[in-house]
Amino acid sequence: MSNQLLHAYKSEVIIAALNNRAFAVIANDDGSESTVVELKPSVPETKENDKNKDGTANKTQGKKKNAETSKTQAEAEENQNFADKESSCNEEIQAVCVTKIDSTFWFAVSRHDKTLSLYFIPSDLKPGEHARKNPVSIYIMPKRSKCISFGVVPPSKTDGKACHVILAGDLSGDAFAYPVPISDAAERDSKNVETASAKPTSTPRRLLLGHTASMLTGLQVVPNDEGGQFILTSDRDEKIRVSHFPKSYVIHGYLLGHTAFISSMAAAAVSSPSMEGGNKKKTICLTGSGDGTVRLWDYQQCKEIGMVPIVLKQGFEDDEMDDVEEANDEDISEFMDNGEEEGKNGEGLVEGEVDDFERGENEEDAEDDEGSCNAHTIAVPISVALSPDAQYAIVARDGITSLDIHPIPPPPPKSSASPLSKLLPSYMVSLHKKQTVECPSQPLDVKFLSDGSVLVLVREPDYLIHYRPHSSDNGGKQTSVFESLNSTSPFAALQKMAQLENIVMPETTLEKDRSGEWKMRKKEDRKELSLAQCAARNKSGENDDDANATKTDDRLHWNDSGRREKARLANQRRRKRKRDMAKTNDEK
């Protein structure tokens, strides 16, 4: 699961996380220098006091422990380094988000210490002013959240007002809604309060939905073609759930096809012409997964409409690359074979009519071939983005310093003479054409702006790269080529400031353990991948296949009742530990 380190509202404002610091950058219409505001991580007083008390106690115990056990100065320095690292980890930014309510920009920052901080910047901020802002509100979440999004709850009455909320999906699989304190912000703005510290609020949160015994890796509120809203939530167990919003207990459907955790997600809804006349929403979702694939969906119809195959990191053996290419070719041919008969009468996604398309049984074999790649060689998509008009998809992968930009063509018409159009179902699109854009360092996050340009958050010393498309004549066809415009970018002020302060960026946004394994990958999946790889390298493979079948039969399906029982027992043990700790403290 990737951290959400970059977000934008149209082309006016962005929020970016540089290491443990969050910055808001507001572009000015007159072309003057952008306004950069640092969003300070104020710690609630109660938490600060507890930290001070714990720190005093830890110092006293630490002195005794060092006197008894520390034999060298190196051990003392190691303990101090561990404490500093733990303190820095608590301030690590997990997700950022921005929106505009009336004439005020609102920002949200989720951190490793389970805090969700809200900030606002009024519209009358002076151009070019570099400032710091304290949070107007801080919510303490039950678990840390790696995906957040602003949303609007429609009024329940005709004369009522819409309610603005911030949605947070946590690592226990729950999605909560917290209110945006617009009235408090207006009062602070009228009194010109700038340095007041926020305090934890007692406003109750609302539980929207939960994924059974899983972890949420993505969350986004999107419109549907019925005038309402959906909330898309992805998790560790290979699926994306489509629920109605705010009535999130009504499940519209699931997007199923990935074979590993969902690492990134983006969605867009645009109007497209319909064959019956008028316009109809084109509802598109793009997801990246730990299985190495990127899949394109129609979330209104809950169908897969395209796929980008696996990409391997550079520097591996040709045999491994050949195996992956063979698996990708089989997966593509299955889409063609299955759609030859079932997709002949469809009108296509652009026209707004989608026929039923059932995935073939042989696709399971292709997915097994995808799993035969070693998990360390697969370049996991850490960030995906869709253009505002849903014409382009961008993919950034872990371990690769380039971006893949895939044009999303309309489905081929039935009358087309190309062999591909005859084999693909009417609503399937090919994503194999791409433009590769080289970045100076590892991309960490990527976002499209409303003007069609692309912002990429990268490692130091460049930090932020701005690309803009321009038309190019390619053999008589007009195509868009993305080129850097950092020198004229309205957000270049953040790059200059970060270079002056020499901020150190993380190596990747994927969480890994000490052995280098992804934390999101389940232990069962790691064993299965290792066994499948051994079976692929062994030409006979009979014994390894039997062992693989034996191991995989013990895995629980994501909707299995055993997962719910496992979660219930884990909660019981957690409550028992808390009671025992409280009892021990009372005795002392």
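In what follows, the accompanying structure is described.

Reading guide: rules and limits
- Residues numbered from 1 in each chain as written.
- Predicted model: local features only at pLDDT ≥ 70, side-chain atom pairs only at ≥ 80, totals over all residues.
- Heavy atoms only, no water.
- Helix = DSSP H or I, 4+ residues; strand = E, 2+ residues; numbered from the N terminus.
- Buried < 20%, exposed > 50% of the residue type's maximum accessible area, 1.4 Å probe, protein only.
- Contact = heavy atoms within 4.5 Å.
- Pairing = 2+ DSSP bridges.
- Polar contact = N/O pair within 3.5 Å; in protein donor to acceptor, adjacent residues only side chain to side chain.
- Salt bridge = Lys/Arg side-chain N within 4 Å of Asp/Glu carboxyl O.
- Patch = residues over 30% accessible without salt bridge, like charges linked within 9 Å, V, L, I, M, F, W, Y side chains within 5 Å.
- Areas by Shrake-Rupley, 256 points an atom, 1.4 Å probe, with all protein chains shown as cover.
- Lys, Arg positive; Asp, Glu negative; His and termini not counted.
- Charge placed at Lys NZ, Arg CZ, Asp CG, Glu CD.
- Axes fitted to C-alpha atoms, helices over the stretch in contact; angles between N-to-C directions.
- Phe/Tyr/Trp six-rings, centres within 6.5 Å; stacked < 30°, edge-to-face > 60°.

**Re the environment of tyrosine 463**
Move 1: Along the polypeptide, tyrosine 463 turns up in the loop between strand S27 (454–458) and strand S28 (464–474).
Move 2: Judged by relative accessible area, tyrosine 463 falls into the buried class, the value being 2%.
Move 3: In sequence terms tyrosine 463 and glutamine 495 are 32 residues apart; their C-alpha atoms lie 5.9 Å from each other.
Move 4: If near-sequence neighbours (up to four positions away) are discounted, tyrosine 463 is found in contact with Leu18, Val456, Leu457, Val458, Gln495, Ala498, Gln499, Asn502, Ile503 and Met505.

**A few points about the pairing of strand S17 (residues 251–256)**
Move 1: Relative to S17, strand S16 (residues 239–245) runs antiparallel, the two being bridged by 5 bridges. Among the inter-strand pairings, lysine 239 is bridged to a residue of S17, identified as leucine 256.

**Concerning the side chain of glutamine 94**
Move 1: Here glutamine 94 shows up in strand S5 (residues 93–101).
Move 2: On the basis of relative accessible area, glutamine 94 is assigned to the buried category, the value being 0%.
Move 3: One polar contact links glutamine 94 to lysine 146, side chain to side chain, over a distance of 3.1 Å.
Move 4: Apart from the residues within four sequence positions on either side, glutamine 94 is in contact with Asn3, Gln4, Ser110, Arg111, His112, Arg144, Ser145, Lys146 and Glu511.

**Looking at the pattern of salt bridges**
If charged atoms from side chains of opposite charge come close, those side chains can pair.
Move 1: Evaluated as defined, the whole model comprises 13 salt bridges.
Move 2: A salt bridge links lysine 239 to aspartate 235; its shortest N-O distance comes to 2.4 Å. Here lysine 239 matches aspartate 235 in class, with each residue buried.
Move 3: One salt bridge connects aspartate 580 with lysine 576, and the closest N-O pair in it is separated by 3.2 Å. One end of the pair is aspartate 580 and the other is lysine 576, both in helix H10 (residues 561–587) and 4 residues apart, which spans about a single turn.
Move 4: Taking the relative accessible area as the measure of exposure, lysine 576 reaches 46% and is therefore partly exposed.
Move 5: Taken together, the shared-partner salt bridges connect Arg21, Glu38, Arg132 and Glu501 into one network.

**A word on the environment of valine 25**
Move 1: Within the secondary structure layout, valine 25 lies in strand S3 (residues 21–26).
Move 2: For the pair valine 25 and isoleucine 15, spaced 10 residues apart in the sequence, the C-alpha separation amounts to 6.3 Å.

**Re a positive patch on the surface**
Move 1: Taken together, the side chains of Lys114, Lys143, Lys566, Arg573, Arg574, Arg575, Arg577, Lys578 and Arg579 define a basic patch exposed on the protein surface.
Move 2: In this fold, arginine 575 is placed in helix H10.

**Overview of the environment of alanine 8**
Move 1: As for its position among the elements, alanine 8 is in strand S1 (residues 6–9).
Move 2: The spacing of alanine 8 and leucine 449 is 441 residues in sequence and 6.8 Å in space, taken between C-alpha atoms.
Move 3: Apart from the residues within four sequence positions on either side, alanine 8 is in contact with Val13, Ile14, Val98 and Leu449.

**Concerning the sheet that holds strand S6 (residues 104–111)**
Move 1: Strand order in the open sheet made by the 4 strands is S5-S6-S7-S9, with antiparallel pairing throughout. Either end of the sheet is taken by a strand with one partner, and the two such strands are S5 and strand S9 (137–140). If you compare each strand with its neighbour and ignore which way they point, the axes differ by 15 degrees on average.

**Let's talk about the packing of aromatic side chains**
Move 1: Throughout the structure, instances matching the rule amount to 7 aromatic pairs.
Move 2: Seen in terms of ring centroids, tryptophan 106 and phenylalanine 120 are 5.8 Å apart; in terms of plane orientation they differ by 40 degrees. Their pairing is tilted. Within this pair, whereas tryptophan 106 is found in strand S6, its partner phenylalanine 120 is found in strand S7 (residues 115–121), the two being separated by 14 residues in sequence. Per residue, the accessibility class of tryptophan 106 equals that of phenylalanine 120, and both read buried.
Move 3: Pairing phenylalanine 176 with tyrosine 178 gives two aromatic rings, centres 6.5 Å apart and planes at 50 degrees, and the pair type is tilted.

**Looking at unusual backbone geometry**
Move 1: With an omega of 10 degrees, the peptide bond running from phenylalanine 245 to proline 246 counts as cis.
Move 2: Relative to the helices and strands, proline 246 is located in the loop between S16 and S17.
Move 3: Of note, the amide linkage connecting glutamate 460 to proline 461 takes the cis form, showing an omega dihedral of 10 degrees.
Move 4: Considering the arrangement of structural elements, one finds proline 461 in the loop between S27 and S28.
Move 5: You will see that asparagine 19, though not glycine, has its phi angle at about 60 degrees, which is positive.
Move 6: Note that asparagine 19 resides in the loop between strand S2 (13–18) and S3.
Move 7: On the basis of relative accessible area, asparagine 19 is assigned to the partly exposed category, the value being 34%.
Move 8: Notably, cysteine 302 is not glycine yet its phi reads approximately 55 degrees, a positive angle.
Move 9: By the secondary structure assignment, cysteine 302 is in the loop between strand S20 (294–298) and strand S21 (303–308).

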